[in-house]
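Report on the structure
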Amino acid sequence: MEIEKILLRQRDFFMTQQTKSLAFRKMYLEKLRNLIISNENVLYEAIHKDFGKSRFDTFTTEISFILNDIDYYIKNLKSLAKPEKVRTNLVNQLGKSKIYSEPLGCTLIIGAWNYPYQLSLSPMIAAIAAGNCCIVKPSEIAENTMKAISSIINQNFPSEYLYIYEGGINETTALLKLKFDKIFFTGSTRVGKIVYKAAAEHLTPVVLELGGKSPAIVTKDASLEIAARRIVWGKFLNAGQTCVAPDYLLIEEPVQEQFLEMLRKYIKEFRYESGAEQYTRIINHSHYQRLTHLIDRNKIYCGGNFNEEQLYIEPTILSDVNWNDEVMQEEIFGPILPVITFQSYNAALNSIMELEKPLAAYLFTNNAEEKDLFTKKLSFGGGCINDTVMHLSNDHLPFGGVGSSGFGSYHGKYGFAAFSHQKAILEKRTWGEPDIKYPPYSEKKLSW
Ligand code: NAD
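So, how was this worked out
- Residues numbered from 1 in each chain as written.
- Predicted model: local features only at pLDDT ≥ 70, side-chain atom pairs only at ≥ 80, totals over all residues.
- UniProt positions renumbered as here; feature names shortened; annotations may be inferred.
- Helix = DSSP H or I, 4+ residues; strand = E, 2+ residues; numbered from the N terminus.
- Buried ≥ 20, exposed ≤ 12 C-beta atoms within 10 Å, placed from the backbone.
- Contact = placed C-beta atoms within 7 Å.
- Axes fitted to C-alpha atoms, helices over the stretch in contact; angles between N-to-C directions.
- Parallel < 35°, antiparallel > 145°, perpendicular 65-115°, else oblique.
- Left-handed = near helix turned anticlockwise from the far one by under 90°.
- Nonpolar A, V, L, I, M, F, W, Y, C, P; charged D, E, K, R; others polar.

Looking at an unreviewed UniProt entry, one finds the protein chain named Aldehyde dehydrogenase and attributed to Chryseobacterium gallinarum. What the UniProt record of the protein chain gives under Sequence similarities (unreviewed entry) is the line "Belongs to the aldehyde dehydrogenase family."

1. Observations concerning the environment of N154
With respect to the helices and strands, the residue N154 is situated in helix α6 (residues 143–156). According to the C-beta neighbour criterion, N154 is partly exposed, with 15 such atoms within 10 Å. Distance in space between the C-alpha atoms of N154 and Y165 is 9.0 Å, their sequence separation being 11 residues. Once residues lying within four places of it in the same chain are set aside, the contact partners of N154 are S159, Y163 and I164.

2. Let's talk about the packing of helix α2 (residues 22–38) against helix α4 (residues 55–81)
Between α2 and α4, whose axes approach to 10 Å, the crossing angle comes to 165 degrees. Taken as axis vectors, α2 and α4 run roughly antiparallel relative to one another. Handedness of the α2/α4 crossing: left-handed. Where α2 approaches α4, its residues L22, R25, K26, L29, E30, L32, R33 and I36 are matched on the opposing element by I63, I66, L67, I70, Y73, I74, L77, K78 and A81. Broken down by class, the residue content of the contact of α2 with α4 amounts to 12 nonpolar, no polar and five charged.

3. Thoughts on the UniProt feature "active site" (unreviewed entry) in the protein chain
With numbering aligned to this structure, UniProt lists the feature "active site" (unreviewed entry) at E209. Mapped onto the elements of the fold, E209 is located in strand β7 (residues 206–209). Excluding residues within four positions of it along the chain, E209 makes contact with F185, T186, G400, G401 and G406.

Pasting the structure below:
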């Protein structure tokens, strides 16, 4: 069916008011939960076909994440949707003021390929919880997962309510010509600009979840062993194809040698060698080519092996890297970790600030002043002190970018808010009218 027709039918369906009922939202959230559980094996197989992601990684970073989202909204739906009573100012006494979270209507979600289930379904779950209809366009780059999502959703949900639209650039371009009430986009900064421009034509509000170069800083006051372990995990999880992966490492000069040795040790300990089941492959040949070109063979500290047939790139650390090296000019989005050494912590922060604002930043230190400076001086979407990536697993925290890493946020109550309009209503009594409000404004009224 043509996508315009589906959108028109979604508009009609939204007008019936059915999606606004909390029982309706809860029923479909529960249905989705059951479908994900009963189709778990289909989901594991599809993502494994796309880029060799293991069952364990898929469960921890995709399936459990989505189930947790569903459970959060089922549990908190009533309180999230409840009108919020607020204070009423003096001139409006004896009135009552309330904020109503109302669904926006017909929403569009465009996903990226690197966490294909989470990035398409997690915003869709928030859209359902907030009472919207929804069209989801997953990334065509992860083709098997796109097909798995579309067959599960389209066979089990009415298309006038939820619909998965398969397609690539042409289909997305066509979608973006239509009028939606909200567009939620996850992807690159380049395509984010295209989406933003198209949305402006209809004055459609957008959330842009984009990327960038997210730094990890390790100072001499860090607990080095745990820092190395957590950086290796966050960087090489999903073979570095994670929007919040540490893109590059800034290490304080006196501990550099010792720390690089620890990184090497953990890469080995995690058994990321060729053929390892636990280590994800690169999504396609074009990304493989892009990434292998970023490996400067003169700067390899460890790793540097690759195999195109298997789309495997070994976890690779590049040392003695400079800010103007090629690997520092774009988001890496793969298993290559450039290391830059710094003498002054403050100067290191200044260097980060010369680049675009990143989606995430990580600091490893036990020094309170350094933590304070990191939090107050650097601007970034979100991050961790003494860990990597894990901030996004806390649904009490908003997840989103700033500047060129995007705007708007989701997860937990922020996801609900992203798909809602905050409607303000003042209800007045019909008596106790102050005469002073109305003309004619006599001398007596003006001098009051
Ligand atoms: P992408 O921008 O190439 O594609 C994202 C989506 O846009 C896909 O669904 C694709 O079909 C569509 N698209 C691509 N080109 C288009 C065009 N010219 N016109 C219209 N639509 C188009 O991104 P990607 O390669 O899928 O994902 C990688 C990027 O996404 C990285 O920069 C990464 O950091 C970012 N990302 C961000 C987050 C986040 O939560 N902030 C999460 C994952 C990935």
